[in-house]
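If you want the building blocks of each chain, they are given just below.
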Amino acid sequence: MSIIRSIIRSTGGYLPENILTNAALAEMVDTSDEWIMQRSGIKERCIAADDETTGDMAVAAGRMAMERGCVEAQDIDGVIIATTTPDKTFPSVAVKVQDELGLPVGLAFDVQAVCAGFLYALSVADSFIQTGKARRILVVGAEKMSSILDWEDRSTCVLFGDGAGAVILERGEGDGGISDRGVLSTYLYANGGQADLLYTDGGTSTSGDSGHIKMQGREVFKYAVQYMSDVVMEALDANNLVSSDIDWLVPHQANSRIIEATAKKLKLPMEQVIMTVERHGNTSAASIPLALHEAVFDGRIKQNDLLLLEGMGGGLTWGAALIRF
Ligand code: UT7
């Protein structure tokens, strides 16, 4: 029996030109390349220009995904943007992307689940396709994290970067088994009781501005390792898979030590893990689609490879997606 599957047709990515190295950061705050590398695995990150917005980056990544997939604007039914750093309180980044890419009238909205945002957006898009509400959706993770950093707080400002990653998800068919191409299953979680571990100290209806990132790093680290390990095992168990079935782990890029711990739990060699954290830092909702795009672009990820995407962020929110590319 044939069933509907949401297949990734193409990917796109965008990184700002300006690169901020650890050495340059060490001239701004009391830190060092050695500390940042040792604790997080980050060497440099890209920082958007003052007049470059999350929407601009999302448009660039979306345009690339359309070009690479040979998809015309009129053939896209909807756009979902995962972001925590929108251009404006409203309207959404999604309507700007819809307009600038010349997409037809259709569904367009933003999803806010911080670093797990892309997984949430992908899962929503998959559901729309499964239920026949749309045939082809542009899903983008885009962030200007530099705009919500306290550049005097060395415990956070060294960790984040800016960028955008995109996929075009389209309706396909499968027989319902794990050899189908497309999104095979997604897992989404949040625990609002842990909101004070990672948050901004402001917002539209409180301070009236976006505020700055505050994080209890050590606590977040502990939960990240636990939740990531649990959710990847859940994804495997639910599909009667073992770790050796996975071709590529595409994790959220917050910290190389968290990624290594997840790979270890999966008994997956690091050669099968997509790592961009060294050059991108933590780009929040953009990090998973950017990592995916890089590995598709350079030919590592190929059609029919089995991918496990996972990530965790403020909320705390976390999730995973099992996808046959
Ligand atoms: O994407 C959302 C999810 N976010 C994450 O997953 C992040 C999770 N957390 C982490 O990645 C790590 O906890 C950090 C990279 C943020 C920090 O690493 P850590 O090994 O947990 O360090 P720590 O916070 O325990 O701090 C150790 C020391 C402290 O000094 P004392 O108190 O031991 O004297 C900090 O003040 O390092 C100090 N420190 C720094 N030193 C140099 C904090 N930030 C810096 C810095 N440079 N940038």
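The structure displayed is predicted, hence computed values, not measured ones.

(A) Structural view of unusual backbone geometry. Following F90, the chain continues to P91 via a peptide bond in cis, the omega torsion being 0 degrees. By the element assignment, P91 lies in the loop between β4 (78–82) and α4 (93–100). The omega torsion across G315 and L316 is -15 degrees, close enough to zero to call that bond cis. Of note, the phi angle at N240 is positive, near 55 degrees, even though the residue is not glycine. Among the secondary structure elements, N240 is positioned in the loop between α7 (217–238) and β11 (248–251).

(B) Geometry of the pairing of β4. Of all the five residues making up β4, five are buried; the element is thus mostly covered by neighbouring parts of the structure. Residue alternation in β4 divides its side chains into two sets, G78, I80 and A82 and V79 and I81, and both sets are buried. As judged from the five bridges shared by β4 and strand β5 (residues 107–111), these two strands associate in the parallel manner. Counterpart to V79 in the pairing with β5 is A108. As a crossover connection, the stretch from β4 through α4 into β5 is right-handed. Sheet topology note: the β4/strand β6 (residues 136–144) ladder contains five bridges and is parallel. The residue of β6 that forms the bridge with I80 is V139.

(C) Region of the structure containing the site of the ligand. In the vicinity of the ligand, 23 residues are found, and the nearest of them are T31, R154, R218, N255 and N282. Within the side chain of T31, a nitrogen or oxygen atom sits 2.7 Å from a nitrogen atom of the ligand. At 2.8 Å from a nitrogen atom of the ligand is found a main-chain nitrogen or oxygen belonging to R154. Alone, the ligand offers 960 Å² of accessible surface; in the complex the protein occludes 76% of this. Listed by contribution, the elements that provide at least two residues to the shell around the ligand are α2 (33–40), α6 (154–157), α7, α8 (256–266) and β12 (306–313).

(D) Seen up close, the environment of T53. With respect to the helices and strands, the residue T53 is situated in the loop between β3 (44–46) and α3 (54–68). Since its relative accessible area comes to 23%, T53 is described here as partly exposed. Along the primary structure T53 and S147 are separated by 94 residues, whereas in three dimensions their C-alpha atoms are 9.4 Å apart. If sequence neighbours within four positions are ignored, T53 has contacts with D87, K96 and K144.

(E) Geometry of the environment of V105. Inspection of the secondary structure puts V105 in the loop between α4 and β5. Its relative accessible area of 86% is what places V105 among the exposed residues. C-alpha of V105 to C-alpha of G78: the two residues are 27 residues apart in sequence and 8.1 Å apart in space.

(F) Inspection of the packing of α3 against α4 at higher detail. Direction vectors running N to C along α3 and α4 enclose 50 degrees, while the axes themselves pass 9 Å from each other. When the interaxial angle is binned, α3 and α4 end up oblique. Both α3 and α4 take part in a crossing whose hand is right-handed. Facing T54, G55, D56, A58, V59 and R63 of α3, the residues of α4 in contact are V93, K96, V97 and E100.

(G) Geometry of the domain arrangement of the protein chain. What the domain assignment lists for the protein chain is domain 1 (3–174) and domain 2 (182–324). Domain 1 and domain 2 are separated by 14 Å when their C-alpha centres are compared. The partner domain 2 presents 50 residues to the 55 residues of domain 1 that form the contact. Here domain 1 packs against domain 2, burying approximately 3900 Å² in sum over the two surfaces, 65% of which is carbon and sulfur. Where domain 1 meets domain 2, there are zero salt bridges. Among the secondary structure elements, those contributing two or more residues to the side of domain 1 that touches domain 2 are β1 (3–14), α2, β3, α3, α5 (117–130), β6 and β7 (162–174). Looking at the side of domain 1 that touches domain 2, the element that brings in the most residues is β1, giving eight residues. Taken together, the residues of the side of domain 1 that touches domain 2 break down into 26 nonpolar, 18 polar and 11 charged.

(H) Structural view of the pattern of salt bridges. Scanning all chains against the criterion turns up 11 salt bridges. Where R5 meets D180, a salt bridge forms, and the shortest distance between an N and an O atom there is 2.9 Å. Here R5 is found in strand β1, whereas its partner D180 is found in the loop between β7 and β8 (182–190), with 175 residues between them in sequence. Grouping residues by exposure puts R5 and D180 together as buried. Of the charged contacts in the structure, one is a salt bridge between R136 and E170, with a shortest N-O distance of 2.7 Å. Residue R136 is found in strand β6, and its partner E170 is found in strand β7; the two are separated by 34 residues along the sequence.

Quick notes on the rules
Residues numbered from 1 in each chain as written. Predicted model: local features only at pLDDT ≥ 70, side-chain atom pairs only at ≥ 80, totals over all residues. Heavy atoms only, no water. Helix = DSSP H or I, 4+ residues; strand = E, 2+ residues; numbered from the N terminus. Buried < 20%, exposed > 50% of the residue type's maximum accessible area, 1.4 Å probe, protein only. Pairing = 2+ DSSP bridges. Right-handed = clockwise from strand over helix to strand, strands pointing away. Near = heavy atom within 4 Å. Polar contact = N/O pair within 3.5 Å; in protein donor to acceptor, adjacent residues only side chain to side chain. Areas by Shrake-Rupley, 256 points an atom, 1.4 Å probe, with all protein chains shown as cover. Contact = heavy atoms within 4.5 Å. Axes fitted to C-alpha atoms, helices over the stretch in contact; angles between N-to-C directions. Parallel < 35°, antiparallel > 145°, perpendicular 65-115°, else oblique. Left-handed = near helix turned anticlockwise from the far one by under 90°. Domains from an automatic or database assignment. Buried area = accessible area lost by both parts, 1.4 Å probe. Salt bridge = Lys/Arg side-chain N within 4 Å of Asp/Glu carboxyl O. Nonpolar A, V, L, I, M, F, W, Y, C, P; charged D, E, K, R; others polar.

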